[in-house]
Structure formats: C-alpha cells, structure tokens
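Structure assessment
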Amino acid sequence: MRVLLTGASGGVARMLRPLLAASGLQLRLSDLQPPDDLQAGEDFMAADLADAAALAPLVRDMEAIVHLGGHSVEGPWATILKANIEGCYNLYEAAFQAGVQRIVFASSNHVMGFHERGDKVDAERMLRPDSRYGVSKAFGEALGALYADKFGLRITNLRIGNVAPAPVDRRRLAIWLHPEDLCQLILIGLRHPDIRYETFYGMSDNARAWWDNRRAQAFGYRPRHRSEDHAARVLAVAEAPDPIADRFQGGAFCSQEHPHPPGVPKP
Ligand code: 15L
C-alpha cells in the first residue's frame, strides 16, 4: 500500500517510520524539512500543508495518508489555525480530489482534556477540549466525518495519549502509547475492511486508563505493552501538585492559561 506520512520529521514519526516500513507499507514522507535521520532510499517530499496549491503532487498516487503533521502542543491561535485547521482541510480536500481512499488522523487526548480523571470516557462522549490545540484536533475529527459521510473516504481518528518507549510520569501511566501499539492501531485504520469512520483511543494496555477503548478492541486491537510494568519506577518519583492539572485528564494543558491560580479550585 502506498502511504503518505505527514509530520515525518517529528518525534512520533521517528519512532514509527521503521515500524511502518517493516509492515510492508511503501511510505512517502513529508514535512516542512526532511527528518535529520532520513535513510537512503526513503522517499521525502517537502511541503507546507497550509499551502493548498502544493498538495496535489504530494498526494498523487497515494492510497492512504497517515496524518501526523501540524503543531503538536498548545500554541498561539495564528499557528494553530494555519498548521492544524487550514493544513488539515487542505490535506483532506487534496486527498479527496486525488482519490485517496483512507486517512488515519493523529487526533489527541486533548479533545477530551476537561473530563475528570475519575470518569471513564468512550469515543461517544461529549468533546471537552482543553486548549486551542485540542479544539483544532476536534476540528480534524469533524472534518473526517464530513469526508467519510459525504465523500466516502475511510477515516480513522486516533486520540493519541503520549507516545514514548515508556511512560514518563503518573498521568502518562494512564495514557501511555508504545510506538508498536500505535503502529498496530494505524494498520487497523489502513487495512481493516469495515472501517468507514471510527475513533479509537491511542493507548497501550494501561490498567489506570480513563478511556474505554472497546471500539478499538472490536476492530482487533490487542495492545502488547502494559504501563503497569513501569508503575513502580514512575510512582517512586515525587511530582509537584497542581490542583487543576491533577483533576482533569488533559493535565498541564488544562492548567495552562487557566484563570484560577494554583490552589484555588474551579468553582
Ligand atoms: C499531545 O497531544 C502532544 O502532542 C504530546 O506532545 C503530549 O503532550 C501528549 O499530548 C500528552 O498529553 O501527554
């Protein structure tokens, strides 16, 4: 399968590229700049997704897109608008025009960040973005629904937690996603015959999870990595309390710019 990988120079793509290539996908990589570890034989094409006119050659002959590109944390509105909203729209429209059949979209846990940590949420629950970044990912999910329902693309949104070789703190014990498990989710989005429009949580086998991922399991997802195997190490490290970040799933994305100062609970 010929697959375009956007955001190919980012940290997640660095972990993912060898795994996707080993799965037999023929990858075209794209980003503003080439990855600094670009290997001989890797097909790279520079493109700015905010530049709609540049995208036709990028998506030509592609059967699918894995869309990791964009701004990956909170940022000023102008940045989010260009990279995550205009960029996503331009890419989906170019994909439709070129006859691309499937898109796997790197959405984020931050579309749900203001759900409380004690609450277990599935993909049907109301969106509660915790940032302009989270709102832009909600836009990407909604855009995917439009291109699936009206134009027949097969779309998979992955609400990714935190991709890393191991969970780095207490919050990440609940939301951690090993790169191999992310690769498994992407392959379901690219290959499963029953995908029309789906939203899965991008997490490994996490005993402390706040998310109900039965929908992904119904499509065959069987995460191979368990965050609990890392819990003793993570819990041994003291963490500074933050009453807002500690209450909500989105963590520091919730307390950033929050008008209630530390120690004052939200009314
Ligand atoms: C995300 O969506 C970010 O892209 C990533 O950098 C992490 O901050 C992650 O969420 C997280 O919630 O830990």
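This text goes with the structure placed above it.
Residues numbered from 1 in each chain as written. Predicted model: local features only at pLDDT ≥ 70, side-chain atom pairs only at ≥ 80, totals over all residues. Heavy atoms only, no water.

Position of E141 relative to the elements: it lies in helix α4 (residues 132-149). Sequence separation between E141 and D194 is 53 residues; the distance between their C-alpha atoms is 18 Å. Those residues in contact with E141 that lie beyond four places of it in its chain are F105, S107, V111, L127, N157, R159, Y197 and T199. (Helix = DSSP H or I, 4+ residues; strand = E, 2+ residues; numbered from the N terminus. Contact = heavy atoms within 4.5 Å.)

Further remarks concern the nonpolar core. Counting residues in each nonpolar core, the largest one holds 30 residues, and the members touching the most others are I186 and L190. Listed by contribution, the elements that provide at least two residues to this core are β1 (2-6), α1 (11-22), β2 (26-31), β4 (64-67), β5 (102-108), β6 (154-160) and α6 (179-191). Per element, the largest residue contribution to this core is seven residues, and it comes from α6. Apart from the residues lying within four places of it in its own chain, the contact partners of L190 are M1, V3, L25, A64, V66, R102 and V104. Core analysis: the second largest hydrophobic core is formed by 21 residues, L49, L55, L91 and F105 among them. (Core = buried A, V, L, I, M, F, W, Y, C linked by side-chain atoms within 4.5 Å. Buried < 20%, exposed > 50% of the residue type's maximum accessible area, 1.4 Å probe, protein only.)

What follows deals with the packing of aromatic side chains. In this structure the tally under the stated criterion is nine aromatic pairs. Ring geometry for Y133 against F253: centres 5.9 Å apart, planes inclined by 40°, an arrangement best described as tilted. Taken together, the positions of Y133 in helix α4 and F253 in helix α9 (residues 252-255) put the pair 120 residues apart, joining distant regions of the chain. Judged by its relative accessible area of 18%, F253 falls in the buried class. (Phe/Tyr/Trp six-rings, centres within 6.5 Å; stacked < 30°, edge-to-face > 60°.)

Another point: the pattern of salt bridges. By the definition in use, this model includes 18 salt bridges. The partner of E116 in a salt bridge is R247, with the nearest N and O atoms 2.9 Å apart. Of the two residues, E116 is situated in the loop between β5 and α4 and R247 in the loop between α8 (231-235) and α9; the sequence distance between them amounts to 131 residues. Residue classification places E116 among the partly exposed residues on the basis of a relative accessible area of 35%. Here E180 ties to R224 by a salt bridge, and the two come within 3.4 Å at their closest N and O atoms. Here E180, found in helix α6, pairs with R224, found in the loop between α7 (214-218) and α8; they are 44 residues apart in sequence, far enough to count as distant. Given a relative accessible area of 28%, E180 falls into the partly exposed group. (Salt bridge = Lys/Arg side-chain N within 4 Å of Asp/Glu carboxyl O.)

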